[in-house]
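Residue-level structure breakdown
Chain residues, written in single-letter form:
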Amino acid sequence: MLQVNTPDHAGSRDQAQELVRPLADDLTGQSVIVDCSNLVVGTPSFMDEIVKQILEQRHAETLQLNGGTPRARELLERSAENRGVRDRLRVAIPLS
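Structure report, in brief. Computed from a predicted structure; not experimentally measured.

The next point concerns the pattern of salt bridges. For the structure on display, the rule yields 8 salt bridges. Glu74 is paired through a salt bridge with Arg71; the nearest N and O atoms lie 3.3 Å apart. One end of the pair is Glu74 and the other is Arg71, both in helix 3 (residues 70–82) and 3 residues apart, which spans about a single turn. Arg86 is the partner of Glu77 in a salt bridge, and the nearest nitrogen-oxygen pair spans 3.4 Å. Judged by its relative accessible area of 28%, Glu77 is partly exposed. The network of salt bridges with common partners includes Arg13, Asp48, Glu49, Glu56 and Arg83.

Attention now moves to the pairing of strand 5 (residues 62–66). The pairing of strand 3 (residues 31–35) with strand 5 spans 5 bridges and is classified as parallel. Paired with Asp35 across the bridge in strand 5 is Asn66. Sheet topology note: the strand 5/strand 6 (residues 89–92) ladder contains 4 bridges and is parallel. Within strand 6, the residue paired with Gln64 across the bridge is Arg90. One crossover worth recording links strand 5 to the parallel strand 6 by way of helix 3, and it is right-handed.

Of all hydrophobic cores here, the largest spans 26 residues; its most connected members are Val34, Ile50, Ile54, Leu63 and Leu76. Where this core is concerned, the elements lending two or more residues are helix 1 (13–20), strand 3, helix 2 (44–57), strand 5 and helix 3. It is helix 2 that provides the largest number of residues to this core, a total of 6 residues. Those residues in contact with Val34 that sit more than four places away from it in its chain are Val4, Thr6, Ile50, Ile54, Leu63, Gln64, Leu65 and Asn66.

Accessibility expressed as a relative area gives 37% for Glu74, which makes it partly exposed. Taking the C-alpha atoms as reference points, Glu74 and Lys52, separated by 22 residues in sequence, lie 16 Å from one another. Within the structure, the side chain of Glu74 is placed 2.7 Å from the side chain of Arg78, a separation counted as a polar contact.

Here is what the cut-offs are and how they apply
- Residues numbered from 1 in each chain as written.
- Predicted model: local features only at pLDDT ≥ 70, side-chain atom pairs only at ≥ 80, totals over all residues.
- Heavy atoms only, no water.
- Salt bridge = Lys/Arg side-chain N within 4 Å of Asp/Glu carboxyl O.
- Helix = DSSP H or I, 4+ residues; strand = E, 2+ residues; numbered from the N terminus.
- Buried < 20%, exposed > 50% of the residue type's maximum accessible area, 1.4 Å probe, protein only.
- Pairing = 2+ DSSP bridges.
- Right-handed = clockwise from strand over helix to strand, strands pointing away.
- Core = buried A, V, L, I, M, F, W, Y, C linked by side-chain atoms within 4.5 Å.
- Contact = heavy atoms within 4.5 Å.
- Polar contact = N/O pair within 3.5 Å; in protein donor to acceptor, adjacent residues only side chain to side chain.

Following this line, the structure appears as structure tokens:
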């Protein structure tokens, strides 16, 4: 499994593209974890670009979100739903 870690403030599509740049262009058959443990602020455009890059353009088998605020999880789920890839998104709810 591959993993990327979000910064504490994630606000733009460019920032999301930079985050996933080290990943292969073709992620077919692979799972990617996005660790949002340190995320304080995540914008809709950042979360949408993560879904677009990993699931839509690079064709990862699954994208798993670890941690993050309820708002970040909601934004990621909405983006995946809008892009028709919700079935490939896994959201791990942090234990309190």
